[in-house]
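Architecture and fold: a report
Listed here are the chains, written in short residue letters.
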Amino acid sequence: MKYLRFSTEPHTRATAGPETHGVSWGVLEGDRIMGLSGAPYNGHHATGVTYALDQVHLLPACWPSKIVCVGRNYADHAKELAHDIPTKPLIFYKPPSSLVAQGGAVAYPPDVSRLDYEGEIGIVIGKRLRHLGANESSREYIFGFTCVNDVTGRDLQDKDGQWARAKGFDTFCPVGPVIVTGLDAASLTVETRLNGEVRQKGSVAQLIFSFDAVLRWVSRFCTLEAGDLIATGTPAGVGPMQAGDTVEVTVAGVGTLRNTIVKEEIG
Ligand code: ZN
């Protein structure tokens, strides 16, 4: 099943919550959306109202309380940035205020001099998780998968020493276009294209820390809630984007997340 969030109002902010007028969850079937009464991982029912995909305004595909990211989870990517391969998952956060939807503009802020794409497989949590057991599978806690672009101000990541600003600007977390359930987690792949040219290719088989290992590690220190988003790391091939570029992240079985880069002007 393909789930998405949308608004029937054209000017709804990307970060608008579920209580906002016009905002809804839905199931995508072809080019029609079947409205849902609430988040699909909570109790919900079909409202009976359907919408044409091209008549609504897409929102970020999930509504997380937090976005948990894994750094350097592909050996080739750690190497290209001249970092050691981590011996335990390297975790950081992006704020929910950084979310942007399919088709939305990613801002190139004046405070950033190198803006990189990082195509990633996104996990959407389906059930509260704390302390995943040593031999326990994460499968029942995963609702579905989506595409994430972990947009990064690479120069600030080095300059600041910690990553809150480099990873956390508004619009630095494109996610979507949909969340897909029922996929085989072991066979997922991710590809990133910049202006149509393939720049990154990766697969779950290359992950240093598996989905189980990541969720076990993260759930040791924080409770993961239904709806939370996990960005599972980026393969080799990261590189800069310029204003006017189009960046696409494809997770096989999910679809393609497409965004454009727009120079941000501040007063
Ligand atoms: Zn990343």
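All values reported here derive from a predicted model rather than from experimental measurement.

About the criteria used
Residues numbered from 1 in each chain as written. Predicted model: local features only at pLDDT ≥ 70, side-chain atom pairs only at ≥ 80, totals over all residues. Heavy atoms only, no water. 1 Å grid on protein atoms, 1.4 Å probe; cavity = no way out; pocket = protein on both sides within 12 Å on 5 of 7 lines; lining within 4 Å. Points joined across faces, edges and corners; volume = space filled by probe spheres on them. Helix = DSSP H or I, 4+ residues; strand = E, 2+ residues; numbered from the N terminus. Nonpolar A, V, L, I, M, F, W, Y, C, P; charged D, E, K, R; others polar. Core = buried A, V, L, I, M, F, W, Y, C linked by side-chain atoms within 4.5 Å. Buried < 20%, exposed > 50% of the residue type's maximum accessible area, 1.4 Å probe, protein only. Domains from an automatic or database assignment. Contact = heavy atoms within 4.5 Å. Patch = residues over 30% accessible without salt bridge, like charges linked within 9 Å, V, L, I, M, F, W, Y side chains within 5 Å. Areas by Shrake-Rupley, 256 points an atom, 1.4 Å probe, with all protein chains shown as cover. Salt bridge = Lys/Arg side-chain N within 4 Å of Asp/Glu carboxyl O. Buried area = accessible area lost by both parts, 1.4 Å probe. Polar contact = N/O pair within 3.5 Å; in protein donor to acceptor, adjacent residues only side chain to side chain.

As for the layout of surface pockets
Empty space within the largest pocket amounts to approximately 310 Å³. If you go around the largest pocket, you meet 18 residues; those closest to its centre are Arg139, Ile142, Phe145, Ala185 and Phe211. Secondary structure elements with two or more residues in the lining of the largest pocket: β12 (142–149) and α4 (211–218). Element by element, the count of residues in the lining of the largest pocket is highest for β12, at four residues. In terms of residue class, the lining of the largest pocket is made up of nine nonpolar, six polar and three charged. By volume, the second largest pocket amounts to about 220 Å³. Lining the second largest pocket are 16 residues, and of these Ala14, Thr15, Leu99, Val100 and Thr171 lie nearest its centre. Listing elements by their share of the lining of the second largest pocket, those giving two or more residues are β5 (57–59) and β8 (99–100). Here the residues of the lining of the second largest pocket sort into seven nonpolar, seven polar and two charged.

Overview of the nonpolar core
Counting 36 residues, the largest nonpolar core has Ile121, Phe145, Phe211, Leu215, Leu224 and Ile230 as its most contacted members. Mapped onto this core, the elements with two or more residues apiece are β1 (2–7), β6 (67–71), β11 (119–125), β12, β14 (173–180), α4 and β19 (246–251). If you tally residues by element for this core, the top one is α4, at four residues. The residues that make up this core include at least three from each of domain 1 (2–58) and domain 2 (67–263). In this structure, Phe211 is in contact with Ile121, Ile123, Ser138, Phe145, Ala185, Leu188, Val204 and Thr232, ignoring residues within four places of it in sequence. Core analysis: the second largest hydrophobic core is formed by 21 residues, Cys62, Cys69, Val124 and Ile179 among them.

As for a nonpolar patch on the surface
A contiguous nonpolar surface patch, about 290 Å² in accessible area, is contributed by Tyr93, Trp217 and Phe221. Here Phe221 is to be found in the loop between α4 and β17 (229–231).

Notes on the environment of Val254
Among the secondary structure elements, Val254 is positioned in the loop between β19 and β20 (255–263). Through-space distance from the C-alpha of Val254 to that of Leu188 is 9.4 Å; in sequence the pair is 66 residues apart. Residues in contact with Val254, not counting those within four places in the same chain, are Lys2, Phe145, Thr146, Cys147, Val178, Val180 and Leu183.

What about the domain arrangement of the protein?
When the parts come together, some accessible area is lost, and that loss is often what is quoted as the size of the interface. Along its sequence, the protein is carved into domain 1 (2–58) and domain 2 (67–263). Listed as interface residues are eleven residues of domain 1 and, on the opposing side, 17 residues of domain 2. Surface buried jointly by domain 1 and domain 2 totals about 1,000 Å² across both partners, of which 72% is contributed by carbon and sulfur atoms. Among the residues domain 1 hides against domain 2, the three largest losses belong to Tyr3, Tyr41 and Leu58. Together they make up 54% of the total. The interface formed by domain 1 and domain 2 includes zero salt bridges. At the junction of domain 1 with domain 2, the criterion picks out one residue pair in polar contact (both at pLDDT 80 or more). Contributing elements (two or more residues each) for the side of domain 1 that touches domain 2: β1 and β2 (23–29).

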